[in-house]
Each structure stands twice: as structure tokens, then as C-alpha cells.
Amino acid sequence: MIKKRIIGVITVKNSIVVQSIKYSNYLPIGSPEVSIENLERWQVDEIIIKNIDRSKSNLGPDLNLISRIASMGMTTPLAYAGGIRNCEDAVSVIRSGAERVVVDSLLIKNLKEAIRISEILGSQAVIGSIPLALKNKELLHFNYIDRTYDNINKQILEAFESGKISELMIIDHMNDGVENGFQEKLLDHFKDNSNLIVFGGISSNNQVKKLMNKDSVVGVAIGNFLNYREHSVNLFKSNLDSKLVRF
């Protein structure tokens, strides 16, 4: 059985780590290096850096940040999201020290280029990311750059279901930063054999356990709520079946 993962997410805005609340309010936390060091020490299974102002400003990925983190000698696998505009950007992210790339706005702007990244780097090196919202029981894709909602492009789901994108991180946009906010109903819109990472408003042991026991979930990603509970990763894992997660 493939072990499921508890993933630490740090959200970076203007070069500092912030606490994100519904993709609209941001509270400063500190330096990326300190947050990464803490997650490494707490033994999360993977770390995702979400740099949320790079795509909006068309700045490209923050290669300097990735290089600085990689030079820390950490052993936890690192994935990076933010500012990836094309295959060349994605390759640069990997060369700078990340193991995987996360594509988000590129799925909307240029899905063919996102698929090309997968073809060049291998599908296992690519995670797709889509902020979602449920409105009147309808599943909508939230575009955080222009702050609009739209129906999910079926071609994105087809690329995921065909394996061109190895995993899909679904983000509960409406409950980002809200304690115990993640809506399990989001999972009803995906097949049981999907490889989903869930993120947004995940904070409690029982919530993590319920999500981990879903066949479609391969990873639970936690952001804000890991920053305030030093031993939370061990607490989460101690509440889970040892067959499910790494210890």
C-alpha cells in the first residue's frame, strides 16, 4: 500500500510567510527559512511553498527563494507553486532544488503548456492545483488572479484523470484559514480512484483521520494550523492507522 502523506504548506507573499484567510486577508508570520526549518523538524512528509504574488505580477518563480531553501540541506521533499508560466520556468524550479512543481493559474491560462511540463519532467513531478467553491451545490473553479468563479474546464479534469498530471490539490477556497472548515462534499465531485491532495481549513485530528480514510485522498495538506502547534504532525499521525501513513 502506498503511504498517504501529511503535507506542510507555507504561503509566501512579498517574500514573507503569511497566514491566509479565504485568499483575501493575510497576516504576517515570519521568514520562509524558519517555517521550512520547523516543518522539517516536525517531520512532515512533504513541503509545498505557495508563492501567491508571483503569477499575478507575472514575475516568474522565485528561484532565489528555492535555492536558499535547498541550500539548507533539508531531507523533506519540496514542491513549489507560484509564477510558473511555461516549461522553462518549471525546469528552472527543479534545477534550483525543488523535487516537484505545482501548476495553478497555468491550468487556466495554458493547459497545453502544463501538460508539456508533465511530458518533459514526468507526470510524478507535477501537481495540479485548483481552488474550488461550492455554490448552490455547483462546483466552481475560483480564479484567484481576477477573483472570478467559473465552471471547471473539463479538459483539466481529463488531463488529471488520464495521468498527465499525477496529483490534484483541491483547495477549499471558501474555508481557507477557517478552523475545521474543509467541506468533504468537494470530494463527491471526483472519482474514488483519484489521487487528490486536500487543502484549506483542515485543522483537527478527527478531520484529518476522516479525510485520510477517503480512497481518493493521497495527501492532507495543512498550512496555518501547523504554525501554532509544534507537535501537531505527530498528533495527527498518532490518530491514524500505521498502514496509512509514514511514521
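Residues numbered from 1 in each chain as written. Predicted model: local features only at pLDDT ≥ 70, side-chain atom pairs only at ≥ 80, totals over all residues. Heavy atoms only, no water.

Attention now moves to the packing of helix H2 (residues 63-70) against helix H3 (residues 87-96). H3 packs onto H2 with a crossing angle of 25° between their chain directions and a minimal axis gap of 8 Å. Relative to H3, H2 is oriented roughly parallel. You can see that H2 and H3 cross each other, and the crossing is right-handed. Packed against H2, whose contacting residues are Leu63, Ile66, Ser67 and Ala70, the element H3 presents Ser92, Val93 and Ser96 at the interface. When its residues are assigned to classes, the contact of H2 with H3 shows 4 nonpolar, 3 polar and no charged. (Axes fitted to C-alpha atoms, helices over the stretch in contact; angles between N-to-C directions. Helix = DSSP H or I, 4+ residues; strand = E, 2+ residues; numbered from the N terminus. Parallel < 35°, antiparallel > 145°, perpendicular 65-115°, else oblique. Left-handed = near helix turned anticlockwise from the far one by under 90°. Contact = heavy atoms within 4.5 Å. Nonpolar A, V, L, I, M, F, W, Y, C, P; charged D, E, K, R; others polar.)

All of the buried residues along helix H7 (residues 205-212) are Gln207, Val208, Leu211 and Met212. Looking straight down H7, one finds its buried side chains confined to an arc of 130°; they lie on one side. Set apart from the buried face of H7 by more than 90 degrees, the exposed residues are Asn206 and Lys210. Residues of H7 that are buried make contact with strand E1 (5-13), strand E11 (196-199), strand E12 (217-222) and helix H8 (232-238). (Buried < 20%, exposed > 50% of the residue type's maximum accessible area, 1.4 Å probe, protein only. Arc of directions from axis to C-beta.)

In this section: helix H5 (residues 111-121). Along H5, the positions that sit buried rather than exposed are Leu111, Glu113, Ala114, Ile115, Ile117 and Ser118. Contact partners of the buried residues in H5: H3, strand E6 (100-103), helix H4 (105-109), strand E7 (126-135) and helix H6 (154-161).

The phi dihedral of Ser15 falls on the positive side, at around 75°, and the residue is not glycine. By the element assignment, Ser15 lies in the loop between E1 and strand E2 (16-21). Residue class for Ser15 comes out exposed when judged on its relative accessible area of 53%. A positive phi angle, close to 70°, is found at Lys137, a residue other than glycine. Within the element layout of this structure, Lys137 appears in the loop between E7 and strand E8 (138-143). Note on Lys137: relative accessible area 77%, which makes it exposed.

This part covers the layout of surface pockets. What the largest pocket holds in volume is close to 240 Å³. Around the largest pocket sit 14 residues that line it, and Ile2, Arg5, Arg100, Gln124 and Glu167 are the ones nearest its centre. Of the residues that constitute the lining of the largest pocket, the class distribution is 3 nonpolar, 3 polar and 8 charged. A volume near 180 Å³ is recorded for the second largest pocket. Taken together, the residues that form the lining of the second largest pocket break down as 4 nonpolar, 1 polar and 4 charged. (1 Å grid on protein atoms, 1.4 Å probe; cavity = no way out; pocket = protein on both sides within 12 Å on 5 of 7 lines; lining within 4 Å. Points joined across faces, edges and corners; volume = space filled by probe spheres on them.)

Per the stated rule, a full pass over the model turns up 4 cavities of 30 Å³ or more. By volume, the largest cavity is sized at about 130 Å³. For the lining of the largest cavity, a count of residues per class yields 8 nonpolar, 7 polar and 2 charged. A volume near 80 Å³ is recorded for the second largest cavity. Forming the boundary of the second largest cavity are Tyr23, Lys50, Asn51, Ile52, Ala81, Gly82, Asp104, Ser129, Pro131, Tyr144 and Ile171. Contributing elements (two or more residues each) for the lining of the second largest cavity: strand E4 (46-51) and E7.

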